Amino acid sequence: MLRHIVRRLLLAIPTLLAVFTIIFLLVRVAPGDPAVAVLGDRASAETVAALREKMGINEPLWKQYVDFLGGLAQGDLGRSLISQKPVGEQILFVLPYTLELTFAAIVIGLALGVPTGVITALRRNKPVDYLGRIFSLVGLSFPAFYLGILLMFFLAVKLNVFPAVGAADFSQPLKNLHYLVLPALTLGLIETAYIARMTRSVMLSVLADDYVRTARAKGLKESSVLIGHALRAAMIPVVSLIGIFAISLIGSSVLVEEVFARPGLGKLMVGATKQKDYTTLQSIMVVYALIIVIINLLTDLVYTFIDPRLRYD
Amino acid sequence: MAQAQARPAAHATPTRDPFGAKPIVSERRRALRSFTRNRTAVVGVVLILAIVLIAVFAPVVAPYDPLAQSVRDRLQPPSAAHPLGLDDKGRDILSRVIYGARIALQVGIFSVVLGGAAGTAIGIVAGYVGGKVESALMRLTDVLLAFPDLITGLLVLAVLGPGLWKMIVAIALTIAPRFARIAYGPTLTIAKKEYVEAARSIGVRDGRILTRHILPNIAGDLLVFASLWTASAIRLEASLSFIGLGVPLPTPTWGQMIREGVVHLTVVPLYSLGPGIALLITVLAFNLVGDGFRDALDPKSRT
């Protein structure tokens with residue numbers, strides 16, 4: 001087990017290096033002088049030159065690259081081009097909000113999506129199935145930000161049950177959760193559509209399998225056939241996809257944080273993009289890459305754990 | 001009697017198998033028939049046609065000039081003259097929604113054509129050539145695939161700056177690695193088939209093998225993927241415009257309108273909700289068609 005984890009971790013290193021290099025180069029080819037971006041067009045040539053020197057962008061590209069990687073190796077994400085504050089601190093402050101949102105959305109998606117998928121599979125081509133499939137298709141087509149606005153309009157503006165915008169910090173857990181409901185529901189409902197669709201199709205193929213027929217022929221109760229045999233096998237691909245869902249949710253969280261004015265990695269990234277704060281942008285991308293690698297690693301481990309056919313050693 | 005004679009005429013095109021009763025129907029014809037019998041897919045096609053017509057004839061269909069401002073009448077709720085109301089600069093929201101279809105379709109179609117062509121080329125070349133080219137191309141593809149589409153799009157747009165074609169390029173770049181993946185797998189299997197080997201042995205050039213033998217065999221998968229990704233590209237464009245990046249003002253885009261309308265949700269709800277409905281219907285239409293293609297081309301769904 002430990003060997004497997006170490007092997008996977010080592011395999012992730014070249015991928016991460018490639019990602020970091022692409023990010024580094026992409027940010028360097030961006031048009032415009034970052035020093036001018038900070039100081040404004042009317043700054044004198046000397047001030048600009050001095051700031052360029054201070055930012056380290058007068059150095060040759062390879063030296064900047066080595067410094068960038070060296071900093072990362074020491075856990076240093078650099079300083080914001082605009083505010084000159086350490087980017088790492090800012091990211092650590094907002095990261096829990098994004099993780100909390102993503103986690104809640106997955107819980108909602110599984111809690112609603114798996115039962116919907118199972119029921120629609122069992123009632124194939126019945127009214128319930130059609131309803132569930134229409135719901136899924138509409139859910140798949142719903143832009144996350146638009147669903148967020150609809151929920152905000154009905155539940156916050158019209159009914160005033162939940163706060164429309166903002167977030168509460170973690171020292172007030174109840175208030176924090178109250179603010180979390182609408183953003184989490186937005187992402188969770190869209191996730192529900194994906195998970196329901198996926199569960200339905202896996203369930204349909206499992207129900208047609210021989211061992212399900214055998215279990216029925218043995219005279220097992222229908223409930224234990226469904227839960228003990230069919231659902232258990234159907235869950236393997238669904239669980240393995242949770243990682244992929246989590247990654248796509250981290251993408252959509254950018255929009256939801258924007259709609260509900262919630263602090264988070266996505267909101268930070270949008271702010272950095274608009275201010276042309278390229279060092280912050282670069283560090284956020286590094287953090288995204290790390291999160292994605294960790295999620296992939298976890299998925300891989302869970303997968304080998306739940307699928308008996310894949311036990312290593 | 002007349003009826004009995006009329007029946008074979010309906011099936012005149014497919015030839016009959018001399019040893020059995022089953023008519024032989026070409027694969028393409030069978031897929032097409034299965035597609036046109038799929039009610040939801042047909043609804044999707046009709047919706048897309050309607051949206052395309054509205055976009056092309058926007059100057060005729062739209063009741064007002066989408067850019068004409070009238071600050072005195074700003075933020076008017078819906079009325080007979082302005083069914084969706086007026087926005088924060090006194091522009092007719094309905095007309096802006098209609099013109100917004102132009103940007104949505106342009107970005108959706110061009111980014112998929114561009115990204116799809118580039119990605120497919122990468123995928124089939126990697127799968128056919130193999131070796132170092134293969135590992136380099138697919139490594140790069142995997143790195144690009146690691147990030148959610150929105151984040152890649154956001155980063156590329158941050159570097160490129162605003163503009164319609166930059167938006168198209170940004171979305172095409174997020175789409176290309178996905179097409180590369182889809183094209184790569186089947187190419188690997190097809191490249192090892194006897195008929196490809198045979199073609200090569202009689203001296204057919206690689207370029208011709210790729211376009212004549214490999215591409216037609218993965219065209220079905222690509223078609224399904226292209227329609228589903230057009231839906232996603234339109235959603236991505238709206239998302240990036242919603243964030244405030246992309247096509248510069250005052251060109252009406254659905255995402256930008258939804259963003260502007262959020263603050264006026266209580267006064268003119270349709271300012272945000274109107275373009276949102278247009279966006280939702282458009283994305284849904286392309287998804288319906290993509291699903292229809294998939295069902296029609298999937299050998300497992302045959303009845």
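Residues numbered from 1 in each chain as written. Chains lettered and ligands numbered in written order. Predicted model: local features only at pLDDT ≥ 70, side-chain atom pairs only at ≥ 80, totals over all residues. Heavy atoms only, no water.

A. Here's a closer look at the overall build of chain B. Secondary structure summary: chain B contains 12 helices and 0 strands in total. Along chain B, helices (α) and strands (β) appear in the sequence α-α-α-α-α-α-α-α-α-α-α-α when read from the amino end. Considering chain B as a whole, with its 303 residues, one finds that 48% of them fall into the buried category. Here chain B has roughly 15000 Å² of accessible surface; of this, 64% comes from carbon and sulfur atoms. (Helix = DSSP H or I, 4+ residues; strand = E, 2+ residues; numbered from the N terminus. Buried < 20%, exposed > 50% of the residue type's maximum accessible area, 1.4 Å probe, protein only. Areas by Shrake-Rupley, 256 points an atom, 1.4 Å probe, with all protein chains shown as cover.)

B. How the structure looks around the domain arrangement of chain A. Residues and elements named next belong to chain A. Examined at the domain level, chain A breaks down into domain 1 (2–87) and domain 2 (92–307). Distance between the C-alpha centres of domain 1 and domain 2: 33 Å. Facing the 22 residues of domain 1 at the interface are 18 residues of domain 2. In total, about 1900 Å² of surface goes out of reach between domain 1 and domain 2, with carbon and sulfur atoms giving 73% of it. The tally of links from domain 1 across to domain 2 stands at 0 salt bridges. Put simply, the parts of the chain that give the side of domain 1 that touches domain 2 at least two residues each are α1 (2–29) and α4 (61–73). (Domains from an automatic or database assignment. Contact = heavy atoms within 4.5 Å. Buried area = accessible area lost by both parts, 1.4 Å probe. Salt bridge = Lys/Arg side-chain N within 4 Å of Asp/Glu carboxyl O.)

C. Quick look at the packing of helix α3 (residues 39–56) of chain B against helix α5 (residues 93–129) of chain B. Residue and element names in this part refer to chain B. Viewed as axis vectors pointing N to C, α3 and α5 meet at an angle of 110 degrees, and their least axial separation amounts to 8 Å. Here α3 lies roughly perpendicular to α5, going by the angle between them. Taken together, the residues of α5 that come into contact with α3 (itself represented by Ile51, Val52, Ile54, Ala55 and Val56) are Ile98, Ala101, Arg102 and Leu105. In terms of residue class, the contact of α3 with α5 is built from 8 nonpolar, no polar and 1 charged. (Axes fitted to C-alpha atoms, helices over the stretch in contact; angles between N-to-C directions. Parallel < 35°, antiparallel > 145°, perpendicular 65-115°, else oblique. Nonpolar A, V, L, I, M, F, W, Y, C, P; charged D, E, K, R; others polar.)

D. Highlighting the side chain of Asn287 of chain B. Tracing the backbone shows Asn287 of chain B in helix α12 (residues 269–297). The residues touching Asn287 of chain B, leaving out its near neighbours within four places in the chain, are Leu137, Leu140 and Ser141 of chain A together with Leu228 and Ala231 of chain B.

E. Region of interest: the environment of Asn125 of chain A. Relative to the elements of secondary structure, Asn125 of chain A occurs in the loop between α5 (87–122) and α6 (127–141). C-alpha of Asn125 of chain A to C-alpha of Leu112 of chain A: the two residues are 13 residues apart in sequence and 20 Å apart in space.

F. Local environment of the interface of chain A and chain B. Tallying the contact residues gives 42 residues for chain A and 36 residues for chain B. Carbon and sulfur atoms supply 82% of the area buried between chain A and chain B, which totals about 3500 Å² over both sides. Per-residue buried area on chain A facing chain B is highest for Ser141, Phe145 and Tyr146 of chain A; these three make up 17% of the total on that side. For the salt bridge of Arg259 of chain B with Glu258 of chain A, the shortest nitrogen-to-oxygen distance reads 3.5 Å. Mapped by element, the contributors of at least two residues to the side of chain A that touches chain B are α1, α6, α7 (144–158), α8 (173–207), α10 (222–259), α11 (265–275) and α12 (278–306) of chain A. When the residues that make up the side of chain A that touches chain B are grouped by side-chain class, the tally is 34 nonpolar, 5 polar and 3 charged.

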